[in-house]
Amino acid sequence: EDTSYARAFMKRYSHMRRRVRTLEGLAEEVQKVQRSFRVALPVSMHTGFLAATHRWASGEEDWVRLIQDSYGGHEGDLIRAFRRLIDLCRQLMESPGLPRGLEEKLSQAVKALDRDIVLESALI
């Protein structure tokens, strides 16, 4: 996983760096709880897709430039990651007890991600 794009991105967007640190803290908390119950499920944070995801969800239209400037890996891997994120958002939207307003945020995320080449990949 190439994290250089994520590091450069978080240097520019300090509020994102704070959010990532918060999520890393939550991942550590989940691991502690799992250990206390002798559950051995992997919990990890990966930021390799962060810069590309932010740019795509913000409306980037040049897919080739996005790959070159913000990802650096194989475009199929990025599309697959976006499809998985879209599926996760849709599953969360159906969750009982979803906090107020979160369903709308998740719906907005799906709309922002599921377009152009990413949408077309699902139709194949």
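A brief report on the enclosed structure follows. Nothing here was measured: the structure is a model prediction, and the numbers come from that model.

**Remarks on the layout of surface pockets**
Phase 1 of the analysis: Computed from the structure, the largest pocket encloses a volume of approximately 1,400 Å³.
Phase 2 of the analysis: For the largest pocket, the lining is made up of 30 residues, of which His46, Leu50, Thr53, Leu85 and Leu88 are closest to its centre.
Phase 3 of the analysis: Mapped onto the lining of the largest pocket, the elements with two or more residues apiece are α2 (14-36), α3 (50-57), α5 (75-93) and α6 (102-113).
Phase 4 of the analysis: Ranked by residues supplied to the lining of the largest pocket, first place goes to α5 with 9 residues.
Phase 5 of the analysis: Among the residues making up the lining of the largest pocket, the classes are represented as 17 nonpolar, 8 polar and 5 charged.

**Side note on a nonpolar patch on the surface**
Phase 1 of the analysis: Among the surface-exposed residues, Val33, Phe37, Val39 and Leu41 lie close enough to one another that they form a single nonpolar patch of about 400 Å² accessible area.
Phase 2 of the analysis: Counting through the fold element by element, phenylalanine 37 comes out in the loop between α2 and α3.

**Digging into the pattern of salt bridges**
Side chains that differ in sign of charge can pair as their charged atoms come close.
Phase 1 of the analysis: One pass over the full model with this rule turns up 8 salt bridges.
Phase 2 of the analysis: The partner of arginine 55 in a salt bridge is aspartate 69, with the nearest N and O atoms 3.9 Å apart. Of this pair, arginine 55 sits in helix α3 while aspartate 69 sits in helix α4 (residues 63-70), placing them 14 residues apart in sequence.
Phase 3 of the analysis: Between aspartate 116 and arginine 115 there is a salt bridge; the shortest N-O distance is 2.9 Å.
Phase 4 of the analysis: Residues participating in the shared-partner salt-bridge network are Arg55, Glu60, Arg65 and Asp69.

Criteria and thresholds
Residues numbered from 1 in each chain as written. Predicted model: local features only at pLDDT ≥ 70, side-chain atom pairs only at ≥ 80, totals over all residues. Heavy atoms only, no water. 1 Å grid on protein atoms, 1.4 Å probe; cavity = no way out; pocket = protein on both sides within 12 Å on 5 of 7 lines; lining within 4 Å. Points joined across faces, edges and corners; volume = space filled by probe spheres on them. Helix = DSSP H or I, 4+ residues; strand = E, 2+ residues; numbered from the N terminus. Nonpolar A, V, L, I, M, F, W, Y, C, P; charged D, E, K, R; others polar. Patch = residues over 30% accessible without salt bridge, like charges linked within 9 Å, V, L, I, M, F, W, Y side chains within 5 Å. Areas by Shrake-Rupley, 256 points an atom, 1.4 Å probe, with all protein chains shown as cover. Salt bridge = Lys/Arg side-chain N within 4 Å of Asp/Glu carboxyl O.

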